[in-house]
2 protein chains.
Amino acid sequence: MSDRPSRPTLAVIAAEAGVSPATVSKVLNGRTDVAPGTRERVEELLRSHNYLAPGGARRSRRSGLVDLVLAGLDSPWAVEILRGVEAECAVHGTGVVVSQVHEDDARPPSWQNLPVLHHSDGVILVTSRMTAQQRAQLERAGVALVLIDPVNLPDRDIASIGATNWAGGTAATDHLLALGHRRIGMIGGPADMLCTQARVDGYRSALERAGVEVDRDLIRYGDFRHEGGFARTRELLALPDPPTAIFAGSDQQAMGAYQAARQAGLRVPEDLSVVGFDDLPMCEWLSPPLTTVRQPLEEMGRVAARTLLQLLDGQPLLTPRIELSTDLRIRHSTAPPAIVPSPPSPPASPGGSHDGRSRAVA
Amino acid sequence: MSDRPSRPTLAVIAAEAGVSPATVSKVLNGRTDVAPGTRERVEELLRSHNYLAPGGARRSRRSGLVDLVLAGLDSPWAVEILRGVEAECAVHGTGVVVSQVHEDDARPPSWQNLPVLHHSDGVILVTSRMTAQQRAQLERAGVALVLIDPVNLPDRDIASIGATNWAGGTAATDHLLALGHRRIGMIGGPADMLCTQARVDGYRSALERAGVEVDRDLIRYGDFRHEGGFARTRELLALPDPPTAIFAGSDQQAMGAYQAARQAGLRVPEDLSVVGFDDLPMCEWLSPPLTTVRQPLEEMGRVAARTLLQLLDGQPLLTPRIELSTDLRIRHSTAPPAIVPSPPSPPASPGGSHDGRSRAVA
């Protein structure tokens, strides 16, 4: 596990190739603005010095390190994934090198270059986009790859771990429908993310099954942060016919929805029901405790790590996509609507909370 | 940066030394139950194979990796520190290997062994205990060390980063005193932690300056989690003469205090004021938004990383202890007490919130 090849620095390789270090890192980065002859010469040297695997084959020597690359390190969500990856890798004596990469990251080296610089055996990429070029580059470097919650649909042969987002979307919506809500606002994450699309589709099909028409006005998209939930909820509450319940795409969005409700003078859940997504540890400590769709984030991290280590052991990938199940955790942020809209029926008693606790604290 | 020595596995070294691999790892772990002669022979081999630095001097070759070892990866607190360490190291092209270690961790390898296994140049140890034996072992391995919020007082010559916990304790207590509170409950973290002692001392001296007698009954200790804040607050509220305000040792404890208040039918801040510690990003999104003592966690991570990299560059340690300043963030969880106890004065208007927002939502 502890063997590492001794290698010259990129500067040395640049000197050998008679090019600038910048050119060498261009080649490592798979950039196209390098003359073919130069690229070949540099790649040959990189290969001979063990920076690139021969013909893209896995490096024969194992470093005992893997890279965990996250789109952001700015939410409790990230630490849940990290805990799972770390716990599983620790059991196998493997270290986890953690990096944050923003979509617009201009910071060298670009993420797909990190495993090479860290001498790690593989990379777990979390909620990030991946281009064909980046993928090809990891192949050249002989780096194993597993995705968690990929933004865009990965190739069939790449391992990816996620949760049953569609089922989670239907479960949350069915719960609100069962309470009597008909105007249900949906706040997704970024519209182009797979998990967002699956959750919105689950929401849609639950409404359709219940014979409730889908109102495009009630579906909003934003980032997964507090700010996104706050802004989208304000928009929804400002509608001529505002929703009586909101299904947020993340627990943090739900906290933003809480604050938008508070600022509008609405009580949760008496005046507005809120459902989150993720089930972060804080949910049961919010005021009121948040009803949310649990996705097993730590377990997703564990499974991703296990899958990566299996790939490194040369075991075949049984299935490219693994989805762990979500389930609804009902707490105190959801209640019947104060006034049930058409079909006409007597208004519910003011503040129809099913539980006193959720009303106790300001 | 990318150079790594090629090294045989511990099993090979064990064979060379004519001992069991277990004995080799005992020596690496600095265990005392190894015959002196055997230890010398094994240490000699470990040194010759670059597992131990010659005479404890820093390894001449740099791996471009550092270890970040946290006592726990189960709170948003950890990710704030991690973000700072990662950001600073990324600028210097250094990878961060993240590990979680519990006080009672039986999982091999013990944390002080991780830098050797990861070939990292140094370790940042967060809110953990360190024994003289562990310290000596890092010395033998030639691993640089920086502490963040050490549990116990480190030797004078070890770099440690913290916040001005004493000043934070006085600021929080002065704020509550200025609002008119006299019965102020204090919830610390574990009693044996440096940061806890500093905060409690700050609380005490603020009370004494204000001529308010310190009531030992109002000072409680517990872990920094929601559960600890919840349990300690319930105890405090059950006192014959309960506090009108609570200064919690962490934002998570403060969330626990919110729930204990809610379950007791008390409103925050009208019936009970709550101050937290840390200023996690979620604080402004709580119901009500939490007044708390900010400690610059990300900056603490950055400074720790910068200090470690300076040590690795052979720069002298200017000062062993760096404390970054805390400051009070006043939001909506604190208000004058509903009834001000002696010295006698007219009772405040019921629900003396200084801001409507903090009363809006259930």
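Residues numbered from 1 in each chain as written. Chains lettered and ligands numbered in written order. Predicted model: local features only at pLDDT ≥ 70, side-chain atom pairs only at ≥ 80, totals over all residues. Heavy atoms only, no water.

Chain A is annotated in an unreviewed UniProt entry as LacI family transcriptional regulator from Actinomadura rudentiformis.

Asks: Account for the overall build of chain A, with residues named and values stated.
Replies: On a plain count of helices and strands, chain A comes out with eleven helices and twelve strands. Residues counted as buried form 60% of the 362 residues belonging to chain A. The long-range share in chain A, meaning contacts at least 24 apart out of those at least 6 apart in sequence, stands at 72%. Of the roughly 13500 Å² of accessible surface on chain A, a fraction of 54% belongs to carbon and sulfur atoms. (Helix = DSSP H or I, 4+ residues; strand = E, 2+ residues; numbered from the N terminus. Buried < 20%, exposed > 50% of the residue type's maximum accessible area, 1.4 Å probe, protein only. Contact = heavy atoms within 4.5 Å. Areas by Shrake-Rupley, 256 points an atom, 1.4 Å probe, with all protein chains shown as cover.)

Asks: Which residues make up unusual backbone geometry, and what are the values?
Replies: Following A:V268, the chain continues to A:P269 via a peptide bond in cis, the omega torsion being 10°. Position of A:P269 among the secondary structure elements: in the loop between helix 10 (251-263) and strand 9 (273-278). One non-glycine residue, A:H119, adopts positive backbone phi at about 60°. Judged by its relative accessible area of 5%, A:H119 falls in the buried class. Phi at B:D278 is positive, roughly 125°, even though this residue is not glycine. On the secondary structure map, B:D278 appears in strand 9 (residues 273-278).

Asks: For the packing of aromatic side chains, give the residues involved together with the corresponding values.
Replies: This model, assessed by the stated rule, comprises four aromatic pairs over all chains. Centre to centre, the rings of A:F230 and B:W285 are 5.8 Å apart; their planes meet at 65°, and the pair counts as edge-to-face. Residue A:F230 is found in helix 9 (residues 226-237), and its partner B:W285 is found in the loop between strand 9 and strand 10 (291-294); the two belong to separate chains. Grouping residues by exposure puts A:F230 and B:W285 together as buried. Judged by centre distance (6.3 Å) and plane angle (35°), the rings of A:F247 and A:F277 are tilted. Separated by 30 residues along the polypeptide, A:F247 in strand 8 (residues 245-248) and A:F277 in strand 9 bring together distant segments of the chain. Sitting above the plane of the A:F277 ring, A:R199 keeps its charged end 3.7 Å from the centroid. (Phe/Tyr/Trp six-rings, centres within 6.5 Å; stacked < 30°, edge-to-face > 60°. Lys NZ or Arg CZ within 6 Å of the ring centre and 35° of its normal.)

Asks: Would you mind going over the sheet that holds strand 10 of chain B in detail, with residue names and values included?
Replies: All names here are of chain B. Strand order in this open sheet of six strands is 7-6-8-9-10-12, and the pairing throughout is mixed. Across the chains shown, the open sheet's two edge strands, defined by having one partner strand only, are strand 7 (219-221) and strand 12 (327-329). The mean angle between the axes of side-by-side strands here comes to 20°, regardless of whether they run parallel or antiparallel. Pairing between strand 6 (residues 184-188) and strand 7: three bridges, direction parallel. (Pairing = 2+ DSSP bridges. Axes fitted to C-alpha atoms, helices over the stretch in contact; angles between N-to-C directions.)

Asks: Give a detailed account of the pattern of salt bridges, specifying residues and quantitative values.
Replies: Residues and elements named next belong to chain A. In total, this model carries 36 salt bridges over all chains according to the counting rule given. With a closest N to O distance of 3.1 Å, R204 and D201 form a salt bridge. Of this pair, R204 and D201 both sit in helix 8 (residues 194-209), three residues apart, which is roughly one turn of that helix. In this structure R204 comes out as partly exposed when scored by relative accessible area, which is 22%. Where R232 meets E235, a salt bridge forms, and the shortest distance between an N and an O atom there is 2.8 Å. In this pair, R232 and E235 both sit in helix 9, three residues apart, roughly one turn of the helix. Given a relative accessible area of 18%, R232 falls into the buried group. In the salt-bridge network here, residues are joined through shared partners; they are D279, R294, D327, R329 and R331. (Salt bridge = Lys/Arg side-chain N within 4 Å of Asp/Glu carboxyl O.)

Asks: Please provide a residue-by-residue account of the packing of helix 9 of chain A against helix 10 of chain A, values included.
Replies: Residue and element names in this part refer to chain A. Direction vectors running N to C along helix 9 and helix 10 enclose 45°, while the axes themselves pass 6 Å from each other. Judged by the inter-axis angle, helix 9 sits oblique to helix 10. The way helix 9 lies across helix 10 gives a crossing that is right-handed. Contacts between helix 9 and helix 10 pair H226, G229, F230, T233, R234 and L237 from the former with Q252, Q253, M255, G256, A257, Q259, A260, A261 and Q263 from the latter. (Parallel < 35°, antiparallel > 145°, perpendicular 65-115°, else oblique. Left-handed = near helix turned anticlockwise from the far one by under 90°.)

Asks: Any chance you could break down the domain arrangement of chain A for me, citing the residues and the numbers?
Replies: Per the domain assignment, the segments making up chain A are domain 1 (10-48), domain 2 (65-163 + 299-324) and domain 3 (165-296). The gap between the C-alpha centroids of domain 1 of chain A and domain 2 of chain A is 26 Å. (Domains from an automatic or database assignment.)

Asks: Before we move on, can you summarise the sheet that holds strand 10 (residues 291-294) of chain A with the specific residues and values?
Replies: The strands making up a sheet associate through hydrogen bonds between their backbones, and the pairing can be parallel or antiparallel. Residue and element names in this part refer to chain A. Reading across the sheet, the six strands line up as 7-6-8-9-10-12 and stay open at both edges, with mixed pairing between neighbours. The two strands at the open ends of the sheet, each matched to only one other strand, are strand 7 (219-221) and strand 12 (327-329). Within this sheet the neighbouring strands show an average axis-to-axis angle of 20°, counted without direction. For strand 9 and strand 10, the ladder comprises four bridges, and the chain directions are parallel. Looking at the pairing, G276 lines up with T292 of strand 10. Those strands touched by helix 10 are strand 6 (184-188), strand 8, strand 9 and strand 10, and its axis lies near 155° from that of strand 9.

Asks: Residue-level account of the pairing of strand 1 (residues 65-70) of chain A, with values.
Replies: All names here are of chain A. Most of strand 1 sits out of view: six of its six residues are buried. Side chains of strand 1 alternate between two faces, with L65, D67 and V69 and V66, L68 and L70 buried alike. Where strand 1 and strand 2 (residues 95-100) come together, six bridges link them in parallel fashion. Note that in strand 2 the partner of L70 across the bridge is Q100. The pairing of strand 1 with strand 3 (residues 122-126) spans five bridges and is classified as parallel. Residue L68 lies in a different strand from strand 3, and its bridge partner there is I124.

Asks: Let's hear about the pairing of strand 3 (residues 122-126) of chain B: which residues, and what values?
Replies: All names here are of chain B. Counting buried residues in strand 3 gives five out of five residues, a clear majority hidden from the surface. Burial along strand 3 is two-sided: G122, I124 and V126 facing one way and V123 and L125 facing the other are all buried. The pairing of strand 3 with strand 4 (residues 144-148) spans five bridges and is classified as parallel. The residue of strand 4 that forms the bridge with L125 is L147. Read from strand 3 through helix 6 (residues 132-141) to strand 4, the crossover connection turns out right-handed. (Right-handed = clockwise from strand over helix to strand, strands pointing away.)

Asks: Can you lay out the side chain of B:T334 for me, pointing to particular residues and giving the numbers?
Replies: Residues and elements named next belong to chain B. Considering the arrangement of structural elements, one finds T334 in the segment after strand 12. You can call T334 buried: its relative accessible area is 0%. Among the polar contacts listed, one links the side chain of T334 to the side chain of T291, at a separation of 3.3 Å. (Polar contact = N/O pair within 3.5 Å; in protein donor to acceptor, adjacent residues only side chain to side chain.)

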